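# Summary of the model geometry
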Amino acid sequence: MSRTRSLIIKGCGYVLIAGILYLSLFPGIYVVSSLLLTKGIVLRAKLLRDFQVDFYNDRGYRKIWQMQKDCIEPDDRLIYIPRMGSCHFTNAEFDTILHFENEGRVRNSMPKQRSEIGIAVLGDSYAMGWGVNDRETFANVLQEELKRPVYNLAVSSYGTVRELSRLQQSGLIDNVDTILVQYAANDLMENAALDQEDKFLQAKALFQEMFNRERSSSDHNMLESLRRAVSFAIEKPIRNLRDLLVPAGKRNQFAPHYQYLMPVLKRFGPLIDRKRVVVLSVDEPGFEDFPRGKDKTMSNVEFVDLKLDAEDYYLIDSHLNAAGHAKLG
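Everything numeric here is computed off the predicted structure, so don't read it as measured data.

Reading guide: rules and limits
Residues numbered from 1 in each chain as written. Predicted model: local features only at pLDDT ≥ 70, side-chain atom pairs only at ≥ 80, totals over all residues. Heavy atoms only, no water. Helix = DSSP H or I, 4+ residues; strand = E, 2+ residues; numbered from the N terminus. Buried < 20%, exposed > 50% of the residue type's maximum accessible area, 1.4 Å probe, protein only. Contact = heavy atoms within 4.5 Å. Areas by Shrake-Rupley, 256 points an atom, 1.4 Å probe, with all protein chains shown as cover. Disulfide = S-S within 2.5 Å. 1 Å grid on protein atoms, 1.4 Å probe; cavity = no way out; pocket = protein on both sides within 12 Å on 5 of 7 lines; lining within 4 Å. Points joined across faces, edges and corners; volume = space filled by probe spheres on them. Core = buried A, V, L, I, M, F, W, Y, C linked by side-chain atoms within 4.5 Å. Polar contact = N/O pair within 3.5 Å; in protein donor to acceptor, adjacent residues only side chain to side chain. Salt bridge = Lys/Arg side-chain N within 4 Å of Asp/Glu carboxyl O.

This paragraph deals with the overall build of the protein chain. Helices and strands together make up the secondary structure of the protein chain, namely 11 helices and 11 strands. Residues counted as buried form 43% of the 329 residues belonging to the protein chain. A fraction of 71% describes how many contacts in the protein chain between residues 6 or more apart in sequence connect residues 24 or more apart. As presented, the protein chain carries roughly 17,700 Å² of accessible surface, and 57% of it is formed by carbon and sulfur atoms.

Now the structure itself:
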């Protein structure tokens, strides 16, 4: 009995020592990785990159396009719209200038003798071209490939409701015969609130509050970085265990998204009924069960799941890089 007790005590001691080493080592690596990211250095080793991704996405280091005062202006129906002209948008992995006009993000000019009937691209930051310059967006690449006008009306963070409302307001519907709708997982919340005016007003008020909030100079001080590092060191194993326990086939299911997407498309039926509507999935990691082919309830709607490779996305930011847009186009 005493030997068993001794082994248990030793085992607990080893676990305690391992825990202390873990909680002292990982925060240090986290802080160093974070500091390197602020200098524009992205680490390729996955574990170290995980630290940088957490710091970038969840700890407030990433700049958000729609929070840049020179990039957007308020709108009563769409909460915000791109400001006409140019805006400078930069993050750790890119330094870009975006230009917008009444027909959406600026595109290459088309020869006058070409067909004027074109394509409208709707979507959020992926389709808008977060992280790439005007000529690098897949909409512009597509225009060069097809020799038809491609109007990029996508706006960062828009769900399907606002995307179609923006198309409706654009006055371009008679200029297109095809509508590409880039769908992302974060569209669900907006689409689910289709008929809930109070939710729209809440979202509008929340955006205004966040937009007007000044970032504290202490947001990235060393003490706060250490606190976040310890938090991440505790959370990381829990996240990994959760991912192991949840079967791959149960992750990122599109079925609940489809449930709310189709009523939105049907609501805008008078706008899009005579158009070919192609719903695309391009974000990472995407959906396990994204449909393919014609929809059974709307004959003019079809789904296309475009699987890209890891190198087509920024390592930290996860948006499509210029190579990804080129391949997609």
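The next thing to look at is the state of the cysteines. One pass over the structure, following the stated rule, counts one disulfide. Note that Cys71 is cross-linked by a disulfide to Cys87, the S-S spacing being 2.4 Å. Linking Cys71 and Cys87, the disulfide has an S-S dihedral of approximately 100 degrees and is accordingly described as right-handed. Remark: Cys87 occurs in strand β3 (residues 85–91) and Cys71 occurs in the loop between α2 (46–58) and β1 (72–75); sequence separation between them is 16 residues. Exposure remark for Cys71: the relative accessible area of 0% places this residue in the buried category.

With that out of the way, let us pick up empty space enclosed by the protein. If a probe as big as a water molecule is rolled over the atoms, it shows which places are left empty. For the structure on display, the rule yields one cavity of 30 Å³ or more. One number sums up the size of the largest cavity: a volume of about 30 Å³. The wall of the largest cavity is formed by Arg105, Val106, Arg107, Thr137, Ala139, Asn140, Val150 and Asn152. The set of elements that each furnish at least two residues to the lining of the largest cavity consists of α4 (138–146) and β7 (150–152).

Time to look at the nonpolar core. Most often, soluble globular proteins have nonpolar side chains that are buried together. Ranked by internal contacts, the top residues of the largest apolar core, which has 44 residues, are Trp65 and Tyr80. Setting aside chain neighbours within four positions, we find Tyr80 in contact with Trp65, Gln66, Ile72, Glu73, Pro74, Asp75, Val155, Ser156, Ser157, Tyr158, Arg162 and Phe207. Of all hydrophobic cores here, the second largest spans 28 residues; its members include Val176, Val181, Val279 and Met298.

A separate point is the side chain of Gln143. Here Gln143 shows up in helix α4. Residue Gln143 is classed as buried on the basis of its relative accessible area, which comes to 0%. Of note is the side chain of Gln143, whose polar atom sits 2.8 Å from the backbone oxygen of Asn108. Each residue touching Gln143, except ones within four places of it in the same chain, is listed here: Arg107, Asn108, Met110, Arg148, Pro149 and Val150.

Before going further, it helps to spend a moment on the pattern of salt bridges. On inspection of all chains with the given rule, the structure shows 11 salt bridges. For Arg105, the salt bridge identified is with Asp134, shortest N-O distance 2.8 Å. Here the residue Arg105 occupies a position in strand β5 (residues 104–105), and Asp134 occupies one in the loop between α3 (125–128) and α4, the gap between them amounting to 29 residues. Assessed through its relative accessible area of 2%, Arg105 is described here as buried. Close ionic contact of Glu302 with Arg276 constitutes a salt bridge, the shortest N to O distance being 2.9 Å. Of the two residues, Glu302 is situated in strand β11 (residues 301–305) and Arg276 in strand β9 (residues 276–281); the sequence distance between them amounts to 26 residues. Accessibility expressed as a relative area gives 13% for Glu302, which makes it buried.

These results come straight from atomic positions and should not be treated as a statement about function.
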